[in-house]
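What follows is the residue order along each chain.
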Amino acid sequence: MPPDSLPHPGLDQARAILQHTFGHADFRGLQAPVIGDVLAGRHAIAVLPTGGGKSLCYQIPSLIRGGVGLVVSPLIALMSDQVQALKQAGVAAAKLDSDISLDERSATWRTIDEGKLDLLYLSPEGLMQPSMLERLSRVPLALIAIDEAHCVSQWGHDFRPEYRALGRLAEVFPDVPRLAVTATADARTRADIRNELRLGDAQEYVASFARPELALSAIRKQGKGRDQVVALVEARRGRSGVIYAGSREGTEQLAERLSQSGVPAVAYHAGLDKALRNQRLDAFLKADEAVMVATIAFGMGVDKPDVRYVIHADPPASIEAYWQEVGRAGRDGDPAEGITLYDSSDLAWAFRRLDSREVSDEVKQTQGRKVRQLYAMLDGTGCRPAAVRRYFGEEGVEPCGVCDLCLNPPASVDATEAARKALSAVHRLGGRFGRGRVIDHLLARTKQVQDWEVALSTWGIGKDSHESEWRGLIDALLFEGLLREDPNDGRPLLQLGEPDKVKAVYRGELQVSVALRAIQAKPARAARKGSATGLEVAAGNRLLYDALRAWRRDQAAELSVPPYVIFHDRTLAEIAAARPGTLTALGQCGGVGDAKLERYGPQVLKIVRDA
Ligand code: ADP
Ligand code: ZN
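Residues numbered from 1 in each chain as written. Chains lettered and ligands numbered in written order. Predicted model: local features only at pLDDT ≥ 70, side-chain atom pairs only at ≥ 80, totals over all residues. Heavy atoms only, no water.

**Q** Please set out the coordination of the zinc ion (ligand 2) residue by residue, giving values where relevant.
**A** Here the zinc ion (ligand 2) is held by C383 (SG), C400 (SG), C403 (SG) and C406 (SG), and the distances to it run 2.3 to 2.4 Å. One can describe the donor arrangement at the zinc ion (ligand 2) as tetrahedral, given that its four donor atoms subtend angles of 103 to 119 degrees at the metal. Read in sequence order, the donor residues for the zinc ion (ligand 2) give the motif C-x16-C-x2-C-x2-C. Of this pair, C383 sits in the loop between α16 (361-378) and α17 (384-391) while C406 sits in helix α18 (residues 404-407), and the two are 23 residues apart along the sequence. A relative accessible area of 22% means that C406 is categorised as partly exposed. (Donors = N, O, S within 2.8 Å, 3.2 Å for Na, K, Ca; no water. Tetrahedral: all angles 85-135°; square planar, octahedral: opposite > 155°, others 65-115°. Helix = DSSP H or I, 4+ residues; strand = E, 2+ residues; numbered from the N terminus. Buried < 20%, exposed > 50% of the residue type's maximum accessible area, 1.4 Å probe, protein only.)

See below:
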């Protein structure tokens, strides 16, 4: 990786724009080297965690290099949000998508032809239309940024075939630097991004995946786990959250239950009318307290910075999906939580769904392994973010210190002997029974038992443990891939899992340890005080802070934009603490760029004076 300490004239200009236009003091993480590469006209691949500031990596070079910066993004919501925020910062940005009226469209083309547009947002389908490519080939381009670039890879967790077409950009615009950005891509996905998007020997920038502000936890479900979700949300009133559920019906039911207990919750899924969906998204983005109960249709591009918690009422599909979804909490860098509910029937369901997909066996195997790795992390005993970061290939990862497993390390026991018993029983029973029946066999309490079963060497060898311990152990063996469940039309049968692993357990080469955690572990941070809004505002600044928020709410309503597009909570907190008396002093606060200083400065100073 090229050292970012090298003097780079373009970078000084980039830093000036960062300060004046966006109001940030300095670059974060890998922003500077990525921007340096693009400014020098080179392709690059940047994997930066959610909230890591990916968008500035292409926004700033678009402002410096001549021509329009094209941004390819899969979701209209994401584009709208970025375009609004850019306009607030005084940047000429527009999007062209199916929602745009003809008038607006021609106005946008006019600004492009006049050389006045800095950034143009497009969907992959929109960009790759022959007429669009033809028109764009006649205007100078600053760069092409491909957002959510992992969508190009079938090894990624969110393959979108329409992304494949973007490879052609290499031929159509051979001289324009292309920047692929994503929040999650393992090594294989990164290789795919490079090949599919024909990025040649582009430098790869992979940031640390650490999200120190996120406190993660996972809880095994009791029953369907819905009561647990309601209790978790009720304990977090006054904050905004996202709840992911596995089905459309599930989102509707949960939203209904939450509404009944007074929580401002609505459902969001692809089956809803588009206008209703947009209206709900809009209300969610604008509200101070709002709970969105959604399927994963609600996702990419939901850029509300003050989401304080993400609850998975049903587990995500993979560790990549998990990291992206919990990553939607705490984007403003303030403390936030990610809580996942799971059990082994979710695992079985994930495999059933995978089985029904029309993909090659190779892809099924890869995806199946991803599912296992997710459950092994959820049910594991070591620091959660550390497990995720190792999964993404990071080395030398330290425990996070704030996840449930760091705060309350679960006592674990060596269960290798018990695991052997369970595996033997499944083997002797020929994989023909479900878990309840297998446990009955281990405990020698099968009803109307027949002679052949009593004659098996495994009959009653589990009497030294309780039924609930066997259930917990069988779940752990399923999560580890030592057992698997044949769906058998909803009456799952227990069978032996990966043969090599099973053998290793018998030979004593693989130890099985299980957490002695109580079924209902306490989620991390839940009991912490003083983080009701996630942001610490000193009592003495509270009045001013609230006054600033009220002003922001009115402004936002007037302009019909989400409040954070005007100023982030954090910026308001900084202003409330600094109490600036002059525009210059106000400009020193993080998040106050020149355009906002000019537009809002006098009003903000008046509020500070009057408070
Ligand atoms: P993502 O990588 O998730 O797309 P964004 O580009 O939306 O992240 O940035 C996340 C947040 O971090 C935004 O609020 C943005 O203003 C802020 N941010 C980005 N770069 C910096 C920086 N260098 N200093 C301070 N804040 C930054
Ligand atoms: Zn931890």
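Picking up where we left off.
**Q** Account for helix α14 (residues 319-326), naming residues and giving values.
**A** α14 sits mainly inside the fold: eight of its eight residues count as buried. Where α14 is buried, its residues contact β8 (214-220), β9 (240-244), β12 (307-312), β13 (336-342), α16 and α17. (Contact = heavy atoms within 4.5 Å.)

**Q** Break down the domain arrangement of the protein chain for me, with residues and values.
**A** Domain annotation of the protein chain identifies domain 1 (11-206), domain 2 (214-407), domain 3 (412-515) and domain 4 (539-610). The straight-line distance from the C-alpha centre of domain 1 to that of domain 2 is 27 Å. On the side of domain 2, 19 residues touch domain 1, which itself brings 22 residues to the contact. Of all residues in domain 1, T50, W155 and H157 bury the most surface against domain 2, accounting for 29% of the area lost on that side. Taken together, the links from domain 1 to domain 2 amount to one salt bridge. Among the salt bridges present, the one from K274 reaches D99, with a minimum N-O distance of 3.3 Å. Put simply, the parts of the chain that give the side of domain 1 that touches domain 2 at least two residues each are α4 (76-88) and α10 (187-196). For the side of domain 1 that touches domain 2, the element with the most residues is α4, which contributes three residues. Tallied by class, the residues present in the side of domain 1 that touches domain 2 amount to seven nonpolar, seven polar and eight charged. (Domains from an automatic or database assignment. Buried area = accessible area lost by both parts, 1.4 Å probe. Salt bridge = Lys/Arg side-chain N within 4 Å of Asp/Glu carboxyl O. Nonpolar A, V, L, I, M, F, W, Y, C, P; charged D, E, K, R; others polar.)

**Q** Describe the pattern of salt bridges, naming the residues involved and giving the relevant values.
**A** The final tally for this structure, using the stated rule, is 42 salt bridges. Between E213 and R211 there is a salt bridge, with its nearest N and O atoms 2.4 Å apart. For the pair E213 and R211, a shared accessibility class is recorded, and that class is buried. Two residues, D610 and K606, come together in a salt bridge whose shortest N-O distance is 2.8 Å. One end of the pair is D610 and the other is K606, both in helix α28 (residues 594-610) and four residues apart, which spans about a single turn. A cluster of three or more residues bridged by salt bridges with shared partners is formed by D288, R549, R552, R553 and D569.

**Q** If you had to explain the environment of L429 to someone new, which residues and values would you point to?
**A** For L429, the position within the fold is in the loop between α19 (416-428) and α20 (435-442). C-alpha separation for the pair L429 and T458, spaced 29 residues apart in sequence, amounts to 9.1 Å. Discounting chain neighbours no more than four positions away, the residues touching L429 are V438, H441, W452, E453 and L456.

**Q** Outline the packing of aromatic side chains, listing residues and values.
**A** Where two aromatic rings form a pair, the distance of their centres and the angle of their planes describe that pair. Applying the stated criterion across every chain, the model contains four aromatic pairs. Ring geometry for W551 against F567: centres 6.3 Å apart, planes inclined by 35 degrees, an arrangement best described as tilted. In this pair, W551 sits in helix α24 (residues 542-559) while F567 sits in the loop between α25 (563-566) and α26 (569-578), placing the two residues 16 residues apart along the sequence. Across this residue pair, the class does not change: W551 and F567 are buried. With a centroid separation of 5.9 Å and an interplanar angle of 65 degrees, the aromatic rings of F567 and Y600 are classed as edge-to-face. Of this pair, F567 sits in the loop between α25 and α26 while Y600 sits in helix α28, placing them 33 residues apart in sequence. Taking relative accessible area as the criterion, F567 reaches 1% and is therefore assigned buried. An aromatic cluster of three or more residues is present, and its members are W551, F567 and Y600. (Phe/Tyr/Trp six-rings, centres within 6.5 Å; stacked < 30°, edge-to-face > 60°.)

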